[in-house]
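Observations on the model geometry
For reference, the chains in residue letters:
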Amino acid sequence: MTDLDAFLSAFMTRAVGPGSLSGLARLSGGANMESWAFDWAGGGYVLRRAPSADYMAGRPYGHADEAALVMAAHGAGVKAPEVVGVLADGDGMGTGYVMRRVIAEVNPAKILADPPPSLLADLGRELARIHSIPAETIPAAIPLMDTAAALAGLKARFLDYGGDRPVIALAIKWCEDHLPPPAEPVLVHGDYRMGNIMVDADGLAVVLDWELAHRGDAHEDLAFGCMAVWRFGRIDQPAFGVGSLEDYFAAYETAGGVRVDRDRFHFWLVYRTLWWALGCLQMGQAWRSGADPTVERVVVGRRTAEQELDLLLLLEADAPATERDCALAPSHAVAPAPTGEPTNREMVQSVRDWLAEAIKPGAEGHAKFQVAVAMNALGIVMRDLDAGARAEDRALADAFLSGAVTLAQPGLLAELRRAVIDKCAVDSPKYASLAAARRRWGDAG
């Protein structure tokens with residue numbers, strides 16, 4: 001913290017002018033990058049940075065190009081942050097840039113509890129503006145996405161991660177069979193969703209997190225924020241957890257966006273759900289390799305079950321009606337726990353209780369967030385020890401990938417439904433889609 005204080009003070013003096021640094025604090029969250037809020041010379045700012053080159057490995061472009069893109073968006077009238085300076089090698093803070101801070105709400109739960117009336121229209125309008133950013137102002141480093149190549153990349157990653165999750169294999173095969181023809185490319189934000197926007201009383205205030213931006217199909221952006229995971233519990237509101245798809249599409253088209261193709265939208269809804277399922281698995285791989293040893297990576301790695309549940313909900317319409325109407329398969333029986341020495345579950349429970357009672361009350365800021373994540377991790381282990389639910393089945397996954405098996409196979413959909421319910425109940429028991437799936441599939445829970 002002391003080094004960052006000194007380095008950041010020197011940087012701000014050059015970038016903005018004389019002043020003094022105060023209120024430096026790391027913001028919670030951020031799956032990959034660090035964000036630090038601070039005050040300088042009476043103004044509020046945010047430093048977005050990767051503390052080392054390792055954090056940027058494998059990315060198609062660095063923070064300098066990301067900052068240039070954000071500046072181009074801001075210059076085009078998009079509600080993007082105002083960048084005031086980009087870190088250089090000699091600044092001693094890794095790579096990143098500094099933006100003016102916007103005072104607004106970013107927490108999806110708080111936003112969705114009482115969204116401003118204009119929010120859905122704002123989301124459609126702002127996305128249309130992003131897709132209209134002049135191509136000549138976009139940095140050359142921002143890549144063009146080839147959908148077929150990107151899908152092949154997802155498939156390769158799946159196989160690298162074991163290739164043994166049947167629902168993911170089912171989704172890969174579906175995407176291969178339903179690949180849409182190329183679209184006229186636009187700038188795609190790539191992460192346009194609740195959690196990456198800020199909202200005030202007047203509506204949408206700013207669009208954050210441009211690190212996944214690329215050139216590609218506008219429908220990818222349209223679909224991403226409508227994924228079940230980004231509705232933050234508001235499953236009945238398919239557009240961002242705020243409203244209907246029809247109202248969202250109308251706002252987007254009215255603001256100059258491309259005409260929405262419902263089939264193309266559905267493809268991207270499946271694709272990005274698949275993408276995030278593999279992204280969760282990748283988080284676990286990052287922890288296992290030592291590239292990111294934080295407990296948050298381990299926990300996010302277990303969120304794959306959420307996306308498998310959502311994928312099956314999206315894809316089961318392809319099954320024959322007779323299979324969709326089949327009763328849910330029963331859960332596997334669990335052996336009773338021994339009553340002698342403390343069980344593994346009880347040992348984990350004792351550690352979790354200690355964190356809750358002795359550590360969490362005294363923790364602050366990011367440390368408190370990490371304690372909560374650690375408690376969540378231990379909760380997953382406890383439920384796993386109770387249920388013993390597994391999602392791996394390499395033979396079935398291979399059969400889906402090859403097309404040898406489909407959802408038309410008698411009884412298979414019922415077994416998959418049971419498998420994704422039981423796994424999600426272990427890894428994410430409060431996930432809103434789980435309750436929705438149980439209602440839809442007739443499971444009492």
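So, here is what we can say about the structure in this document. Please read these numbers as outputs of a predicted model, since none were measured by experiment.

Moving on, we come to the overall build of the chain. Along the backbone of the chain there are 17 helices and nine strands. Looking at the chain as a whole, 48% of its 445 residues qualify as buried. Nonlocal contacts in the chain, meaning residues at least 24 apart in sequence, comprise 72% of its contacts between residues at least 6 apart. Surface accessibility of the chain: about 20100 Å² in total, with carbon and sulfur atoms responsible for 54%. Across the chain, the 42 positively charged side chains and the 58 negatively charged ones have centroids separated by 2 Å.

On to the packing of helix H6 (residues 166-177) against helix H15 (residues 394-402). Interaxial distance between H6 and H15 falls to 8 Å at its minimum, and their mutual angle equals 5°. It follows from the interaxial angle that H6 and H15 lie roughly parallel. Here Pro 166, Ala 169, Leu 170, Ile 172 and Lys 173 of H6 lie close against H15, whose contacting residues are Leu 396, Ala 397, Phe 400 and Leu 401.

A word on the nonpolar core. One finds Trp 210, Tyr 248, Leu 274 and Leu 309 to be the most contacted residues of the largest nonpolar core, which totals 100 residues. Considering every element that reaches this core, the biggest residue donor is helix H9 (residues 262-289), with 13 residues. Counting 15 residues, the second largest nonpolar core, distinct from the first, contains Leu 4, Leu 21, Trp 40 and Leu 47.

The five strands are arranged E1-E2-E3-E5-E4 in an open sheet whose pairing can be described as antiparallel. Unpaired on one side and paired on the other, strand E1 (21-26) and strand E4 (83-86) mark the two borders of the sheet. Adjacent strand axes in the sheet meet at a mean angle of 20°, parallel and antiparallel pairs treated alike. Both E4 and strand E5 (residues 95-100) contribute to a ladder of three bridges, which runs antiparallel. Looking at the pairing, Gly 85 lines up with Val 98 of E5.

To continue, consider the environment of Ala 6. Examined against the element boundaries, Ala 6 turns out to sit in helix H1 (residues 2-15). The exposure class of Ala 6 is partly exposed, given its relative accessible area of 47%. It is 28 Å that separates the C-alpha atoms of Ala 6 and Val 106, two residues lying 100 residues apart in sequence.

On to the pattern of salt bridges. Inspection of every chain in the model, using the stated rule, returns 33 salt bridges. One salt bridge connects Asp 384 with Arg 302, and the closest N-O pair in it is separated by 2.9 Å. Of the two residues, Asp 384 is situated in helix H14 (residues 365-387) and Arg 302 in the loop between helix H10 (295-301) and helix H11 (304-315); the sequence distance between them amounts to 82 residues. Note on Asp 384: relative accessible area 17%, which makes it buried. For Arg 302, a relative accessible area of 26% puts it in the partly exposed group. Here the residues in one salt-bridge network are Arg 165, Arg 302, Glu 308, Asp 384, Arg 390, Glu 392, Lys 423 and Asp 427, joined through shared partners.

A few words now on helix H16 (residues 412-427). An ideal rise of 1.5 Å per residue puts 22 Å on 16 residues; H16 measures up with 23 Å between its terminal C-alpha atoms. Burial analysis of H16 places 13 of its 16 residues in the buried class, the great majority of the element.

Turning to the environment of Ala 67, a few remarks are in order. Along the polypeptide, Ala 67 turns up in helix H2 (residues 63-75). Relative accessible area serves as the criterion here: at 0%, Ala 67 is assigned to the buried category. Setting aside anything within four residues of it in sequence, one finds Ala 67 in contact with Val 83, Val 86 and Tyr 97.

Moving on: the packing of aromatic side chains. Under the defined criterion, the tally for this structure stands at 14 aromatic pairs. Centre to centre, the rings of Trp 230 and Trp 276 are 5.8 Å apart; their planes meet at 40°, and the pair counts as tilted. Linking Trp 230 in the loop between helix H7 (218-224) and helix H8 (245-254) with Trp 276 in helix H9, this pair joins segments that are 46 residues apart in sequence. Judged by its relative accessible area of 6%, Trp 230 falls in the buried class. Positioned over the ring face of Phe 224 is Arg 272, at 4.0 Å from the centre of the ring. Above the plane of the ring of Trp 275 lies Arg 272, whose end atom (NZ or CZ) is 4.0 Å from the centre.

What follows is about the pairing of strand E8 (residues 203-207). Counting buried positions over the five residues of E8 gives five, a clear majority of the element. Looking at chain direction, strand E7 (residues 197-200) and E8 are connected through four bridges and run antiparallel. Within the sheet, the bridge partner assigned to Asp 200 lies in E8 and is Gly 203. Hairpin connection from E7 to E8: two residues lie between these consecutive antiparallel strands.

What follows deals with the packing of H16 against helix H17 (residues 432-441). Look at H16 against H17: their axes get within 10 Å of each other, and the N-to-C directions meet at 150°. Relative to H17, the element H16 is oriented roughly antiparallel. Crossing angle aside, the handedness with which H16 passes H17 is left-handed. Of the residues in H17, those in contact with Arg 417, Val 420, Ile 421, Cys 424 and Ala 425 of H16 are Leu 434, Arg 438 and Trp 441. Residues belonging to the contact of H16 with H17 are distributed by class as follows: six nonpolar, no polar and two charged.

What follows covers the pairing of E5. Pairing analysis gives six bridges linking strand E3 (residues 43-50) to E5, with the strands arranged antiparallel. Bridge pairing in E5 places Ala 50 opposite Thr 95.

Here we take up H9. In this model H9 runs 40 Å from its N-terminal to its C-terminal C-alpha over 28 residues, within 8% of the 40 Å that 1.5 Å per residue would give. Put simply, Asp 261 is the residue that caps the front of H9, since its side-chain oxygen is 3.0 Å from the backbone nitrogen of Asp 263. Directly beyond the C-terminal end of H9, a positive phi value near 90° is found at Gly 290.

Reading the values: the criteria
The residue numbers shown here count from 1 along each chain, following its written sequence. For a predicted model such as this one, the threshold for reporting local features is a pLDDT of at least 70, and the threshold for listing and counting side-chain atom pairs is 80 or more; totals across whole chains, interfaces and linings nevertheless cover every residue. Side-chain figures throughout are based on the complete set of non-hydrogen atoms in the structure, without hydrogens or water. Here a strand is any run of E in DSSP of at least two residues, a helix any run of H or I of at least four, and the numbering for each starts at the N terminus. Exposure classes here rest on a 1.4 Å probe applied to the protein chains alone. A residue is buried below 20% of its type maximum, exposed above 50%, and partly exposed in between. Note on contacts: a residue pair qualifies if any of its non-hydrogen atoms lie within 4.5 Å across the two residues. Residue burial considers only the protein chains on display, and all accessible areas are found by Shrake-Rupley using a 1.4 Å probe. Residues counted as positive are Lys and Arg, residues counted as negative are Asp and Glu, and His and the chain ends are not counted. A charged residue contributes its charge at one atom only: NZ of Lys, CZ of Arg, CG of Asp or CD of Glu. All axes here are fitted lines through C-alpha atoms, helices being fitted over the stretch that makes contact, and every angle between N-to-C directions spans 0 to 180 degrees. Should an angle lie under 35 degrees it is considered roughly parallel, over 145 roughly antiparallel, and from 65 to 115 roughly perpendicular; all remaining angles are considered oblique. The definition of a nonpolar core used throughout is a set of buried Ala, Val, Leu, Ile, Met, Phe, Trp, Tyr and Cys residues joined through side-chain atoms within 4.5 Å. Any two strands with at least two DSSP-identified bridges between them are counted as paired. Here, a salt bridge means any side-chain nitrogen of Lys or Arg that lies within 4 Å of a carboxyl oxygen of Asp or Glu. Here a helix's expected span is defined as the number of its residues, less one, multiplied by 1.5 Å. We call Phe, Tyr and Trp rings a pair once their centres come within 6.5 Å, taking the six-membered ring for Trp, and we label the pair stacked below 30 degrees between planes, edge-to-face above 60, and tilted otherwise. When the NZ atom of lysine or the CZ atom of arginine is within 6 Å of a ring's centre and also within 35 degrees of its normal, the charge is said to sit over that ring. Take the far helix as your reference; a near helix turned counterclockwise from it by less than a right angle gives a left-handed crossing, and one turned clockwise gives a right-handed crossing. Three classes are used: nonpolar for Ala, Val, Leu, Ile, Met, Phe, Trp, Tyr, Cys and Pro, charged for Asp, Glu, Lys and Arg, and polar for all others, with Gly counted as polar. In protein, a polar contact requires one atom able to donate a hydrogen and another able to accept it; more generally it is a pair of N or O atoms within 3.5 Å, and residues adjacent in sequence count only if both atoms are side-chain atoms.

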